[in-house]
Amino acid sequence: MEAEEFLLVRDMFRSFATRFRASSADVKPATRAAAQEALGELGLGELRRTSPPAATVQECALLAEEHGKQPLTTSLIGTALLAPELLRLLGDDAPDEVPPVHGTTPTIALARDLRFPDFPRSHPGELVAWDCEGADGALCVTSDGSVTGVGLGPPSPSADLLRGIRSVPPGSPSHALGRLDPAALRHWQAYALVIVSSELVGAAASFVRQSVEYARDRRQYGREIGSFQAVQHLLADATVLVEACTSATRYAAWCLDNEPPGTALKAARVAKAEVNDSALEVVRTGMQVFGGIAQTWEHDAHLYLRKVLTGAMTLATTADLLTTLAEPEAVR
Amino acid sequence: MTDTPLDFGDPADLDQLRGRFRAWLADHPLPQRQPDEPVPVFLRRWHRLLHSGGWVGLDVPRQYGGQGLTALHQVAISDELGACRAPGIPRIGYLAHALLEFGSEEQRGRLLPRMLAGEDVWCQGFSEPGAGSDLAGMTTFAERHEGHYTVRGQKLWTSYAQYSGLCLLLARTDRSLPPHKSISAFILPLDRPGVTVRPLRAANGDDEFCELFLDDVRIEDAERIGAEGDGWPLAMTTVSYERNALDTGHISTYGLLVERLRRSAHDRRGELPDGLLSEIGRCVVDYEVLVAHARRRTAERRGGQVAGPESSVDKLLMTRTEQRLYETALKVFPEEVFGEGGGLFGDYLYSRAASVYGGTSQIQRNIIAKRILRLPSGG
């Protein structure tokens with residue numbers, strides 16, 4: 001996109017996000033549906049659907065950051081950014097004749113613990129469809145690059161109250177869609193890691209900003225709590241971590257646009273490893289600054305904590321990534 | 001912070017530059033350090049050799065003896081040197097920036113080419129026994145006379161002063177004004193009467209740091225940099241560049257050690273405890289994040305941003321990387337602690353200073369809180 005066009009899309013998305021941000025943890029299904037419909041009208045699902053794509057990965061990653069900044073129930077990540085990229089990567093393999101079981105607006109399916117599905121390398125586990133608001137099917141990529149369309153079962157409870165998760169009924173019809181070659185598979189994994197990480201970076205950055213504003217206003221002992229050095233240093237450390245996460249994810253996104261998939265995958269793993277630990281640390285710090293109010297159901301804090309905590313387990317955990325990154329590329 | 005797409009890529013001519021540098025290196029074998037030759041003396045020979053090939057001050061404008069390129073070009077040369085285990089580029093970038101921004105045209109034209117060529121070796125006379133991180137608390141005083149000053153006081157942590165010819169000196173020039181308005185900067189030749197340099201042995205055994213005693217030292221008006229009172233903004237510019245990983249050239253050194261750890265993880269597969277493997281992974285992450293961060297800063301600087309308080313973020317990230325890296329390296333190579341030991345243990349001890357020099361980590365947090373987050377001042 002041209003620079004001006006991107007700013008236009010971003011600002012349009014920002015007004016959407018401000019308008020539809022969840023005001024509490026109890027969002028009515030009708031409100032969720034209305035928000036998803038409004039998101040659909042922005043047409044962001046087209047950004048990565050065509051070849052060449054209409055938007056760069058870096059631009060999509062910045063939109064994912066924006067989505068993370070507000071407590072939103074909408075599925076931007078799964079249905080608008082991830083699944084369309086997968087269909088684009090399948091290219092001519094993507095089905096267009098038979099009505100696919102994955103529906104017209106698919107999201108992606110992950111292993112039951114939300115990590116990348118590892119079979120056929122290991123036993124097929126139970127799948128879940130991730131980020132399901134407005135989705136009518138899901139796409140599953142296994143570790144050999146096979147892509148399968150699967151149907152959706154009933155909602156599955158999750159700690160993240162904003163994000164819809166649904167089970168994939170075992171034995172339900174599935175439809176083989178094609179296979180990603182090794183380079184496309186690496187690209188897919190890197191892209192998914194970067195987009196998911198970016199949303200978490202947005203959440204962490206936004207939550208620090210909110211806690212800084214709170215520290216400027218909230219008075220105790222006759223002074224603003226932000227004037228106490230103990231509080232200042234907490235927020236300074238959180239700021240450093242947000243900057244580290246931001247640099248790592250944006251660089252990884254840039255790599256996907258400009259470097260070979262192997263380089264991009266390493267950068268994406270680095271970014272996810274940094275974000276898994278640091279975004280969580282940042283949210284914990286922000287909650288400490290907010291104090292008692294952040295421990296209540298009414299306050300947004302737990303929505304951010306839930307999103308970041310489950311996000312840190314999604315696709316790849318820190319334990320997965322650190323052991324992978326500890327060894328030189330050549331042996332993997 | 002920018003929230004629009006950035007170009008993290010290398011400038012188009014960078015590969016060419018790297019190629020030319022490799023060809024030059026092939027024709028110019030690294031000098032060998034003589035037995036008993038002090039490191040700074042050896043480094044000066046190296047500095048002059050690099051300069052003779054045009055590889056010093058790439059980001060300094062041409063009229064002052066540089067190449068008029070960017071910091072990224074200079075970093076690429078550092079990388080190349082790191083890859084062949086050669087000593088790095090002389091760390092003069094932050095001094096050059098101070099002169100570029102605050103020096104007179106005459107000073108820039110006379111001093112910068114000699115600094116880049118290694119003809120003049122500079123040191124930095126900022127900290128004092130009573131004014132380390134609290135730099136504004138300095139008491140060294142320059143008393144004004146007709147056409148000159150007399151300076152009295154003491155400086156500390158002046159790296160390699162015993163091998164330097166010139167010192168970028170800060171002193172108070174007015175006792176009635178607040179510190180931020182009354183500190184001035186001077187060029188002090190260290191052979192002036194009244195100057196005494198005394199090396200101070202550091203925990204790692206090196207005598208890098210020095211004390212500098214100034215007893216009624218005469219400094220001419222023409223040796224002042226900028227106007228009276230410009231010393232504080234000059235110091236802030238200098239430390240901003242000094243705190244930035246881009247300008248200090250540490251990154252390639254970290255990269256070499258990270259690769260050594262990864263190779264060891266591979267060679268000793270199944271032998272290293274899983275916990276240690278994860279710690280190595282964490283060092284890889286720290287290092288790669290720092291590289292990405294430096295690239296982002298470069299992209300921002302190319303977009304016109306100058307180094308400012310955000311360099312405190314850079315310094316804390318650099319400290320995190322360096323301290324965790326050497327801590328882990330000692331666990332992976334315990335023979336460095338218990339055996340004869342090579343340089344690794346010395347480097348580990350030096351890494352402990354990372355959270356102190358250039359302003360302590362606590363000072364960096366204060367700067368972030370006040371100047372980036374704009375939190376209210378304490379009572």
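Keep in mind that this is a model prediction, so the values were computed, not measured.

Caption draft 1: Examining the overall build of chain A more closely. Of the regular secondary structure elements, chain A holds 9 helices and 8 strands. Against the compact-globule benchmark of 20 Å for 332 residues, chain A has a radius of gyration of 20 Å, which places it among compact chains. Principal-axis analysis of the C-alpha atoms gives chain A an extent of 70 × 50 × 45 Å. The buried share of chain A, reckoned over its 332 residues, is 59%. Across chain A, contacts joining residues at least 24 apart in sequence account for 76% of those joining residues at least 6 apart. Carbon and sulfur atoms form 55% of the exposed surface of chain A, whose accessible area is close to 13,100 Å². Across chain A, 30 positive and 41 negative side-chain charges occur, with their mean positions spaced 6 Å apart.

Caption draft 2: Region of interest: the overall build of chain B. The number of helices and strands found in chain B is 14 helices and 8 strands. In terms of overall dimensions, chain B has a C-alpha envelope of 75 × 55 × 50 Å along the principal axes. For chain B, the share of sequence-separated contacts (at least 6 apart) that also reach a separation of at least 24 residues comes to 70%. Of the accessible surface of chain B, which amounts to about 16,400 Å², a share of 51% is contributed by carbon and sulfur atoms. Positive and negative charge centroids in chain B, built from 45 and 51 side chains respectively, lie 3 Å apart.

Caption draft 3: View of the sheet that holds strand 3 (residues 137-141) of chain A. All names here are of chain A. The sheet built from 6 strands is open, its strands ordered 5-2-1-3-4-6 with mixed pairing. Only two strands of the sheet have a single partner each, and these edge strands are strand 5 (165-167) and strand 6 (174-179). Averaged over all adjacent pairs, the angle separating strand axes in this sheet is 35°, with direction ignored. Summarising the sheet, strand 1 (residues 106-111) and strand 3 pair through 3 bridges and their orientation is parallel. Residue pairing across strands places Pro 106 opposite Gly 137, the latter belonging to strand 3. With respect to the sheet, helix 4 (residues 77-90) is in contact with strand 1, strand 2 (127-130), strand 3, strand 4 (146-150) and strand 6, its orientation differing from that of strand 1 by roughly 90°.

Caption draft 4: Focus on the side chain of Glu 128 of chain B. Residue and element names in this part refer to chain B. Note on placement: Glu 128 falls in the loop between strand 1 (122-125) and strand 2 (141-144). Here Lys 155 takes part through its side chain, which lies 2.9 Å from a polar atom of the side chain of Glu 128. Excluding anything up to four places from it in sequence, Glu 128 contacts Met 138, Thr 139, Thr 140, Gln 154, Lys 155 and Leu 156.

Caption draft 5: Expanded view of the confidence of the model for chain B. Residues and elements named next belong to chain B. For chain B, the mean per-residue pLDDT works out to 90, and 97% of the residues sit at or above 70. Predicted confidence in chain B is weakest over helix 8 (residues 245-248), with a mean pLDDT of 61, and strongest over strand 3 (residues 148-155), with 97. For this predicted complex, the interface confidence score (ipTM) comes to 0.95, while the overall pTM stands at 0.91.

Caption draft 6: Structural view of the pairing of strand 1 of chain A. Residues and elements named next belong to chain A. Burial analysis of strand 1 places 6 of its 6 residues in the buried class, the great majority of the element. With 4 bridges joining them, strand 1 and strand 2 adopt antiparallel strand pairing. Across the sheet, residue Leu 110 finds its bridge partner in strand 2, namely Val 128.

Caption draft 7: Representation of the packing of aromatic side chains in the model. With the rule as written, the count across this model stands at 17 aromatic pairs over all chains. Look at Phe 13 of chain A and Phe 16 of chain A: their rings are 5.5 Å apart centre to centre, the planes differ by 40°, and that puts the pair in the tilted class. Of this pair, Phe 13 of chain A and Phe 16 of chain A both sit in helix 1 (residues 3-20), 3 residues apart, which is roughly one turn of the helix. Using a relative accessible area of 1% as the deciding quantity, one classes Phe 13 of chain A as buried. The buried category is assigned to Phe 16 of chain A, whose relative accessible area is 6%. Between the NZ or CZ atom of Arg 175 of chain B and the centre of the ring of Phe 141 of chain B, over which it lies, the distance is 3.7 Å. Arg 260 of chain B extends its terminal NZ or CZ atom over the ring of Phe 333 of chain B, reaching a point 4.2 Å from the ring centre.

Caption draft 8: Quick look at helix 3 (residues 71-83) of chain B. Residue and element names in this part refer to chain B. Its 13 residues place the ends of helix 3 18 Å apart at the C-alpha level, agreeing with the 18 Å of an ideal helix rising 1.5 Å per residue. Within helix 3, burial applies to Ala 71, Leu 72, His 73, Gln 74, Val 75, Ala 76, Ile 77, Ser 78, Glu 80, Leu 81 and Gly 82. Looking one or two places after helix 3, you find Arg 85, whose phi comes out positive at around 55°.

Caption draft 9: Geometry of the packing of helix 11 (residues 311-332) of chain B against helix 13 (residues 344-352) of chain B. Residues and elements named next belong to chain B. Contact geometry of helix 11 with helix 13 gives a least axis separation of 9 Å together with a crossing angle of 150°. Between helix 11 and helix 13, the angle is such that the two are roughly antiparallel. Helix-helix and strand crossings are classified by hand; for helix 11 and helix 13 the assignment is left-handed. Taking contact as the criterion, the partners of Glu 322, Gln 323, Tyr 326, Glu 327, Ala 329 and Leu 330 in helix 11 are, on helix 13, Leu 344, Phe 345, Asp 347, Tyr 348, Tyr 350, Ser 351 and Arg 352. When grouped by side-chain class, the residues that make up the contact of helix 11 with helix 13 number 7 nonpolar, 2 polar and 4 charged.

Caption draft 10: Focus on the interface of chain A and chain B. Contacts between chain A and chain B engage 46 residues on the former and 45 residues on the latter. For the pair chain A and chain B, the summed buried surface comes to about 4,000 Å²; carbon and sulfur atoms form 62% of the total. Here chain A is connected to chain B by 9 salt bridges. Here Asp 277 of chain A makes a salt bridge to Arg 282 of chain B, at a shortest N to O gap of 3.6 Å. Scanning the region where chain A abuts chain B turns up 20 residue pairs in polar contact (both at pLDDT 80 or more). Residue assignment for the side of chain A that touches chain B shows that the elements contributing at least two residues are helix 1, helix 3 (57-69), helix 5 (182-217), strand 8 (223-224), helix 6 (229-258), helix 7 (261-290) and helix 9 (318-325) of chain A. For the side of chain A that touches chain B, the residue count by class is 20 nonpolar, 11 polar and 15 charged.

Definitions and cut-offs
- Residues numbered from 1 in each chain as written.
- Chains lettered and ligands numbered in written order.
- Predicted model: local features only at pLDDT ≥ 70, side-chain atom pairs only at ≥ 80, totals over all residues.
- Heavy atoms only, no water.
- Helix = DSSP H or I, 4+ residues; strand = E, 2+ residues; numbered from the N terminus.
- Rg over C-alpha atoms; globule rule 2.2 N^0.38 Å.
- Buried < 20%, exposed > 50% of the residue type's maximum accessible area, 1.4 Å probe, protein only.
- Contact = heavy atoms within 4.5 Å.
- Areas by Shrake-Rupley, 256 points an atom, 1.4 Å probe, with all protein chains shown as cover.
- Lys, Arg positive; Asp, Glu negative; His and termini not counted.
- Charge placed at Lys NZ, Arg CZ, Asp CG, Glu CD.
- Pairing = 2+ DSSP bridges.
- Axes fitted to C-alpha atoms, helices over the stretch in contact; angles between N-to-C directions.
- Polar contact = N/O pair within 3.5 Å; in protein donor to acceptor, adjacent residues only side chain to side chain.
- pLDDT = per-residue confidence, 0-100.
- Phe/Tyr/Trp six-rings, centres within 6.5 Å; stacked < 30°, edge-to-face > 60°.
- Lys NZ or Arg CZ within 6 Å of the ring centre and 35° of its normal.
- Expected span 1.5 Å × (residues − 1).
- Parallel < 35°, antiparallel > 145°, perpendicular 65-115°, else oblique.
- Left-handed = near helix turned anticlockwise from the far one by under 90°.
- Nonpolar A, V, L, I, M, F, W, Y, C, P; charged D, E, K, R; others polar.
- Buried area = accessible area lost by both parts, 1.4 Å probe.
- Salt bridge = Lys/Arg side-chain N within 4 Å of Asp/Glu carboxyl O.

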